Amino acid sequence: MVTALRPKPGPVRSYRFPQFTDEKLASGIRLVTAPVEKLPVVTVLVVVDAGSANDPPGKEGVAALTAATLLEGTSRLSGSELAETFERLGTSVDSGADWDSAFAKITMLSERLDDAVSLLGQVLSEPSFPDREVERLKAERLAEILQLETEPRGLADEKFSEFLYAAESRYSKPDEGSAESVSALSRADVEQFYRARYRTESTTVIIAGDVSLENVRALVEKAFSGWVSGATLDQQLTATARTSLKSVHIIDKQNAPQSELRVGHVGLPRKNPDFFPTLVMNAVLGGLFGSRINLNLREARGYTYGASSYYDWRRGPGPFVVSTAVQSEVTAPALREIFLELERMRRDLISEDELSLARDYLDGVFPIRYETTAAIASALASLVIYGLPADYYDTYRNRVRSVSVEDVLQAARAHLHPSELQTVVVGDAKVIRDSLAKLQIGDVKVHEA
Amino acid sequence: MRIPVETFHLDNGLFVTLSEDHTAPIAAVNLWYHVGSANEKTGRTGFAHLFEHMLFQGSAHVGSNEHFELIQRAGGTLNGSTWLERTNYFETVPSNELALALWLEADRMGELLPAMTQEKLDTQRDVVKNERRWAVDNQPYGTMLEKMQELVFPPSHPFQHSLIGSMEDLSAASLDDIAQFFATYYTPDNAVLSIAGDFDSKEALALIREYFGPIPKGKGKPPLPPMSLPPVFGSRKREVVYDNVSLPRLFLAFRSPIFGSDEYYAASVTAALLGMRKGSRLQRALVRERQIAADAGAFTFDLAKGSDILVVDVTARPETPVAQLEEEVEREIDLLCREGASGEEVQRAIALIETDLVASLQSAGERADRLSMFATYFGNPELINQQVDSYRRVTAERVNELVSERFSEANRASLIYVPREGVESESMLAAAAGAS
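Residues numbered from 1 in each chain as written. Chains lettered and ligands numbered in written order. Predicted model: local features only at pLDDT ≥ 70, side-chain atom pairs only at ≥ 80, totals over all residues.

Draft legend 1. Molecular detail of the overall build of chain B. Counting its secondary structure elements, chain B contains 16 helices and eleven strands. A compact globule built from 436 residues would reach a C-alpha radius of gyration of about 22 Å, and chain B, at 23 Å, matches this within 12%. Long-range contacts, defined as pairs at least 24 residues apart, comprise 80% of the intrachain contacts of chain B with a sequence gap of at least 6. (Helix = DSSP H or I, 4+ residues; strand = E, 2+ residues; numbered from the N terminus. Rg over C-alpha atoms; globule rule 2.2 N^0.38 Å. Contact = placed C-beta atoms within 7 Å.)

Draft legend 2. Here's a closer look at helix α4 (residues 118-137) of chain B. A rise of 1.5 Å per residue sets the reference length of α4 of chain B, with its 20 residues, at 28 Å; its end C-alpha atoms lie 26 Å apart and thus fit the reference within 8%. Residues of α4 of chain B that are buried: K120, T123, Q124, R125, V127, V128, K129, N130, E131, R132, R133 and W134 of chain B. The elements touched by buried residues of α4 of chain B are β8 (258-266), α10 (292-300), β9 (304-311) and β10 (319-327) of chain A together with α1 (47-54) and α6 (167-172) of chain B. (Expected span 1.5 Å × (residues − 1). Buried ≥ 20, exposed ≤ 12 C-beta atoms within 10 Å, placed from the backbone.)

Draft legend 3. How the structure looks around the packing of helix α11 (residues 331-347) of chain A against helix α16 (residues 429-439) of chain A. Residue and element names in this part refer to chain A. Between α11 and α16, whose axes approach to 8 Å, the crossing angle comes to 30°. Our classification of the angle between α11 and α16 gives roughly parallel. Here α11 and α16 pass one another in a crossing that is right-handed. The segment α11 lies against α16, with T331, A332, L335 and R336 engaging I432, S435, L436 and L439. (Axes fitted to C-alpha atoms, helices over the stretch in contact; angles between N-to-C directions. Parallel < 35°, antiparallel > 145°, perpendicular 65-115°, else oblique. Left-handed = near helix turned anticlockwise from the far one by under 90°.)

Draft legend 4. Seen up close, the domain arrangement of chain B. Residue and element names in this part refer to chain B. Considered domain by domain, chain B is made up of domain 1 (6-212) and domain 2 (237-429). For domain 1 versus domain 2, the separation of C-alpha centres amounts to 28 Å. At the junction of the two partners, domain 1 supplies 32 residues and domain 2 supplies 28 residues. With seven residues, the single largest contributor to the side of domain 1 that touches domain 2 is strand β3 (residues 26-33). Tallied by class, residues from the side of domain 1 that touches domain 2 come to 19 nonpolar, nine polar and four charged. (Domains from an automatic or database assignment. Nonpolar A, V, L, I, M, F, W, Y, C, P; charged D, E, K, R; others polar.)

Draft legend 5. Highlighting unusual backbone geometry. All names here are of chain B. With a phi close to 65°, N65 is a non-glycine residue in the positive phi region. Looking at the element boundaries, N65 is found in the loop between α1 and α2 (66-73). You can call N65 partly exposed: it has 19 C-beta atoms within 10 Å. Of note in the backbone geometry, D302 takes a positive phi value of approximately 65° without being a glycine.

Draft legend 6. Examining the interface of chain A and chain B more closely. Listed per partner, the contact involves 62 residues of chain A and 67 residues of chain B. If you list the elements that add at least two residues to the side of chain A that touches chain B, you get α2 (79-88), β5 (102-109), α4 (131-148), α10, β9, β10 and α12 (352-364) of chain A. Ranked by the residues each element gives to the side of chain A that touches chain B, the list is headed by α4 of chain A, at six residues. For the side of chain A that touches chain B, a count of residues per class yields 30 nonpolar, 17 polar and 15 charged.

Draft legend 7. Molecular detail of the domain arrangement of chain A. All names here are of chain A. Domain annotation for chain A reports domain 1 (21-223) and domain 2 (247-369 + 388-448). Placing a centre on the C-alpha atoms of domain 1 and another on those of domain 2 gives a separation of 31 Å. Broken down by element, the residue count for the side of domain 1 that touches domain 2 peaks at ten residues, all from helix α5 (residues 152-164). Across the side of domain 1 that touches domain 2, the residue classes tally to nine nonpolar, one polar and five charged.

Draft legend 8. A look at the sheet that holds strand β5 (residues 87-94) of chain B. Residues and elements named next belong to chain B. On the basis of which strands lie adjacent, the open sheet formed by six strands has the order β1-β2-β6-β3-β5-β4 and mixed pairing. The open sheet has two edge strands with one neighbour each: β1 (6-9) and β4 (77-82). Here the strands of the sheet are splayed against their neighbours by 15° on average, with no regard to which way each runs. Relative to β5, β3 runs antiparallel, the two being bridged by eight bridges. If you follow W32 over to β5, its bridge partner there is N88. (Pairing = 2+ DSSP bridges.)

Draft legend 9. Examining the environment of F51 of chain B more closely. Residues and elements named next belong to chain B. Locating F51 in the fold gives a position in helix α1. For F51, a count of 25 C-beta atoms within 10 Å puts it in the buried group. Not counting chain neighbours up to four residues away, the residues in contact with F51 comprise I178 and F181.

Draft legend 10. Highlighting the pairing of β4 of chain B. All names here are of chain B. Note: β4 against β5, six bridges, orientation antiparallel. Paired with G80 across the two strands is Y89, which belongs to β5. Linking two consecutive strands that pair antiparallel, namely β4 and β5, is a turn of four residues.

Draft legend 11. Structural view of the packing of helix α9 (residues 262-275) of chain B against helix α10 (residues 281-289) of chain B. Residues and elements named next belong to chain B. Packing of α9 against α10 leaves a shortest axis separation of 3 Å and a crossing angle of 25°. One element, α9, and the other, α10, form an angle in the roughly parallel class. The residues of α10 that touch α9, namely those facing L273, L274 and G275, are R281, L282 and Q283.

Draft legend 12. Representation of the environment of A323 of chain B within the structure. Looking at where A323 of chain B falls in the secondary structure, it is placed in helix α11 (residues 322-339). Classification of A323 of chain B as exposed rests on a count of 10 C-beta atoms within 10 Å.

Draft legend 13. Focus on the pairing of β8 of chain A. Residue and element names in this part refer to chain A. For β8, a buried count of nine out of nine residues is recorded, marking the element as mostly surrounded by other parts of the structure. Across nine bridges, β8 lies against β10 in antiparallel orientation. Across the sheet, V263 pairs through a bridge with V322, a residue of β10. One ladder, built from five bridges, connects β8 with strand β11 (residues 422-427); its direction is antiparallel. Looking across to β11, one finds that V263 is bridged to T423.

Draft legend 14. Geometry of the sheet that holds strand β10 (residues 308-316) of chain B. Residue and element names in this part refer to chain B. Across the sheet, five strands lie side by side as β7-β11-β8-β10-β9; this open sheet has mixed pairing. Looking at the sheet topology across the chains shown, the edges are occupied by β7 (237-243) and β9 (293-300). For this sheet the average axis-to-axis angle between neighbouring strands, irrespective of direction, equals 15°. Inspection of the sheet shows β7 paired to strand β11 (residues 413-419) by seven bridges, in the parallel sense. Following the sheet pairing, D243 is matched in β11 by P419.

Below, the structure is given as structure tokens:
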């Protein structure tokens, strides 16, 4: 017999997020370094204020294409020579653009740091953007867009953004661009975007792992020298909703065995003062396995393999979204439960038990999030991208712990908007259409996939 | 770099591996049961995985879903997964909560059955059917794993049938099946328990003895049918799947040396030099130079018994006809057979693999999982410290030996996905051309 006596936790052992230095180098580049002694591994993450939100109208996708084409050649090396040189050092560059920044990231054994950083400096400061490779990467992006037509999860995400945001908002279109916008991009667009936004003042080099501070400083000064200085201008972002009325969009997939569901509205910018209460509120609603939405749809009803909700935190107001995939036949009852859960969140105080689950999880899991150099570098990047204070990670756990059930109710009332919910369903219209119309969660429109 | 490893055996047969690391207050608990879909009976495909779901539905002293709740409340992460040869369960927790994770694992190893009900089974059956719809039926190329198993393993071989299972077999699973499977396979002598991270070995071992010690040893499990297979298929295999996909995609499989063998490391390096990252042969030739592919990769299944499978995976560009995709991929394989790999490309592959290995060992959960894996398959968790050396010993000569033994025409199996709509319009065009 296994003992029935549940073990009690031992005394909490202290943990502190890795200490880091943050400095401006003579070149104008910002350098953030977190020496971590554990395994002989280092991650270097370069963050440039050149994310997709900065794509000029009609040029959607240029930020992503620029970040990808950085790796396709420099004034000294061709794209395939670059790839091979990095790879012989046991690393390869992962580059791309998020909404709020462009990035280039490498993880390598620390003994190979010097050579890899010097090569990475070359990639960022002397890209040659060969025409052939620009065209190839465009064609690969177009192939990816074509793949989405048969990939219900990606398609649902994309259509949700499209129906959520006003057409003039950058957020209404895919971050890597649409077929139309990508087809129209040229090498000149890439070069122009690079010149406008890739400046020393808009660039931060983040290094986490088995390094010494002195070595790193000299290394970065040397590798990222001879680059254009000067700051970049911020682009105004509009992120208004397409409509304030509830509506339902069915993307018709005949014979689909499941409906991919996305339900939500325009959320909050990352720097909103209600970030912590909203984070805890969402954990109770749909952010954990034991959250209301997952326990209801999966564990009580068996409608789905999983259901969750999240705020997509960006500089601008990204979406709040409930996301799940349910068996086609139960699409309407599943949506009804989702709407009821949102209403319930705004109506009543959550229990102390629910609060402590969310709060203790977010507090306790904190050290587990930063086990790897890549995770530490990425956490430091958030400080840079969102302009968070240097003590953000040192105060995070206390701020989570200070959220009360009243704060959660207030956050739910302020930041959940059931009357504005947009619903996107990728599924079989003939099976679900009538039942969705009866739910009265907005006018139902059916679209071709 | 060396990961410390200690091993212990309890009297009931439980194999324990411990690896201390005090750099952060985190401990990872990891249990491998040496049972997977290969052990399923006829008519019960998908059962090992359905059973994994049931292990989160409570046990004698733990309520339904309480396992998840208690671990998350403690600030931990957790999950389980099922593979052909094993099922694993794992928690990473703040190190002061190690006892909780161990107790929860012991309670469900010792006394799962009192908590099992028909209602829970019915709900989890629905959840798993929805997992199948989500990951397999409603996902482009989602049937790859089960179609590949069917193609490359002979009928009645334990690796031949679907891991997630058929809807019919899932419907047929009963509480009796649960009781029998539990008694047969979920026993301490069929399991490895590993802990990695911030703990004291003596204290941890005392807890393990207290919680797991009273669990009785199993009565042994039925042997698997003969697993071993000839090194090559013997003839070409080819299957075309017309499916709801946008782009043609070819999975070209080779029978390859079992995981952990010396030859396995040569095969793993071969997969990397063919398809790992942009400098690999297939990416360079097909994606960058000839531009007929949107993406290319290669991987091994890492099966430790019978035969492993090495798979080359290439997705066509929209304008590339299926026949050209097949032809050009095979031409690259033929080229490798004819001219062999160079020392430089072998070094590139090894360097990339080594970085990935070392970087992954930063996570306590990953360390514990590998310890369990090496202990389960080979009875030797110390192998975690020999992996890098095993890779470094691979030379171009050994790669080329592997290639000449395993990459012949008689050892190729192609699984090709073709867009259904494209086929319809192509055949309509053909019909129109025929009529004129």
